Amino acid sequence: MVWGLTILGDRPSGIAALTTVAGDISSAIEPMLTKERPRMKLNLAGALLGSLPICLLSGTAALANTMDLSVLPLLSSPQARCPEGLTAHETLRPYAEGSFSTEGMVKLRDIATDIRLSQSDQFSATWVGTLKPEYRNCQASGGMVSVDDAAYEGNSYIRIQLINGQVKAILDMTGMRDPNGFTTVILFKGLRDGNPRWTWGGSD
């Protein structure tokens, strides 16, 4: 849209004509500006969202992963009753600059009692419990086979052993690598509600 203006005659008449045309231009532009404001707000909101860290937008820090652990009997005791499997959970903690950490637990109380932390060092932690009577003769071992129903083929850093009426749950950082090439570390190991609990992490 193009406006043209020619001022003829005396000065007051020219100013009046200019004022009239300026008013027409303002009236024509105002609806366009009004329509553009919501779009500008939307674009600003998009820009602000785009500047946030991905971990805050995705919400992954608040979601727990479910891990299925296998129970594989020894060939020498195929008739003994063993659990079908065990379940572990891990949750990525909120992002902290320069590092990451993950909280986890394994539901050992499903098959055992009197669970305790038996030993630990810089690389691993081991919990031991007494198998419930129905599983007392089971001799088996197992590890991570799936995460959130998707097959897991990486290093099983959570492992279990069932033998001599006891069960061991092992958290092992051996061979676990953080983004900077360092071995991940165990930051906490203990018990909560009778189940093994831990926190492990590294640098990023």
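For the structure given in this document, a descriptive report is provided here.

Cut-offs and rules
Residues numbered from 1 in each chain as written. Predicted model: local features only at pLDDT ≥ 70, side-chain atom pairs only at ≥ 80, totals over all residues. Heavy atoms only, no water. Helix = DSSP H or I, 4+ residues; strand = E, 2+ residues; numbered from the N terminus. Buried < 20%, exposed > 50% of the residue type's maximum accessible area, 1.4 Å probe, protein only. Contact = heavy atoms within 4.5 Å. Areas by Shrake-Rupley, 256 points an atom, 1.4 Å probe, with all protein chains shown as cover. Phe/Tyr/Trp six-rings, centres within 6.5 Å; stacked < 30°, edge-to-face > 60°. Pairing = 2+ DSSP bridges. Polar contact = N/O pair within 3.5 Å; in protein donor to acceptor, adjacent residues only side chain to side chain. Salt bridge = Lys/Arg side-chain N within 4 Å of Asp/Glu carboxyl O. Core = buried A, V, L, I, M, F, W, Y, C linked by side-chain atoms within 4.5 Å.

### Some thoughts on the overall build of the chain
Then comes step 1: Along its length, the chain carries two helices and twelve strands.
Then comes step 2: Helices and strands in the chain line up, N terminus first, as α-α-β-β-β-β-β-β-β-β-β-β-β-β.
Then comes step 3: Buried positions account for 29% of the 204 residues belonging to the chain.
Then comes step 4: Considering only residue pairs separated by 6 or more positions, the chain has 56% of its internal contacts joining residues 24 or more positions apart.
Then comes step 5: Summing over all exposed atoms, the chain offers an accessible surface of approximately 13100 Å²; the carbon and sulfur share of this is 56%.

### Notes on the packing of aromatic side chains
Then comes step 1: Per the counting criterion, the structure on display carries three aromatic pairs.
Then comes step 2: Aromatic pair Tyr157 and Trp200: ring centres 5.4 Å apart, planes at 65°, arrangement edge-to-face. Pair noted here: Tyr157 is in the loop between β8 (150-151) and β9 (158-163) and Trp200 is in strand β12 (residues 195-203), with a separation of 43 residues, a long-range link. Across the pair, exposure class does not vary: Tyr157 and Trp200 are buried alike.
Then comes step 3: An aromatic cluster is defined as three or more aromatic residues linked by ring pairs; in this entry it consists of Phe100, Tyr157 and Trp200.

### A few points about the environment of Ser70
Then comes step 1: Residue placement: Ser70 occurs in the loop between β1 (64-69) and β2 (72-73).
Then comes step 2: The exposure class assigned to Ser70 is buried, which follows from its relative accessible area of 14%.
Then comes step 3: Linking Ser70 and Ala140, residues 70 residues apart in sequence, is a C-alpha distance of 9.5 Å.
Then comes step 4: For Ser70, the contacting residues outside a window of four places in its chain are Ser141, Gly142, Gly143, Val145 and Ile160.

### Some thoughts on the pairing of strand β10 (residues 166-172)
Then comes step 1: Among the seven residues in β10, five count as buried, and that is most of the element.
Then comes step 2: For strand β6 (residues 124-131) and β10, the ladder comprises seven bridges, and the chain directions are antiparallel. Note that in β10 the partner of Gly129 across the bridge is Val167.
Then comes step 3: Relative to β10, β9 is paired through six bridges, and the arrangement is antiparallel. Its bridge partner lying in β10, Gln161 is registered against Lys168.
Then comes step 4: Connecting β9 to the next strand, β10, in antiparallel fashion are two residues, including Asn164 with a positive phi near 55°.

### Let's talk about the side chain of Ser146
Then comes step 1: As for its placement among the helices and strands, Ser146 is situated in strand β7 (residues 140-147).
Then comes step 2: Separated by 2.8 Å, the side chains of Ser146 and Asp68 make a polar contact.
Then comes step 3: Discounting residues that sit within four places of it in the chain, Ser146 has contacts with Thr66, Met67, Asp68, Ala151 and Tyr152.

### Section: the pattern of salt bridges
Then comes step 1: Taken as a whole and judged by the stated rule, the model has two salt bridges.
Then comes step 2: Residue Glu103 is joined to Arg93 by a salt bridge in which the shortest nitrogen-to-oxygen separation is 3.5 Å. Note that Glu103 is positioned in strand β4 (residues 99-106) and Arg93 in the loop between β3 (86-92) and β4, a separation of ten residues in sequence.
Then comes step 3: When its relative accessible area of 37% is taken as the criterion, Glu103 is described as partly exposed.

### Let's talk about the nonpolar core
Then comes step 1: Residues Ile111, Tyr157, Ile158, Leu162 and Leu171 are the most contacted members of the largest nonpolar core, which totals 30 residues.
Then comes step 2: If you list the elements that add at least two residues to this core, you get β1, β3, β5 (112-120), β6, β7, β9, β10 and β12.
Then comes step 3: Apart from residues no more than four positions distant in its own chain, Ile111 is found in contact with Pro83, Leu86, Thr130, Leu131, Lys132, Tyr135, Leu162 and Val167.

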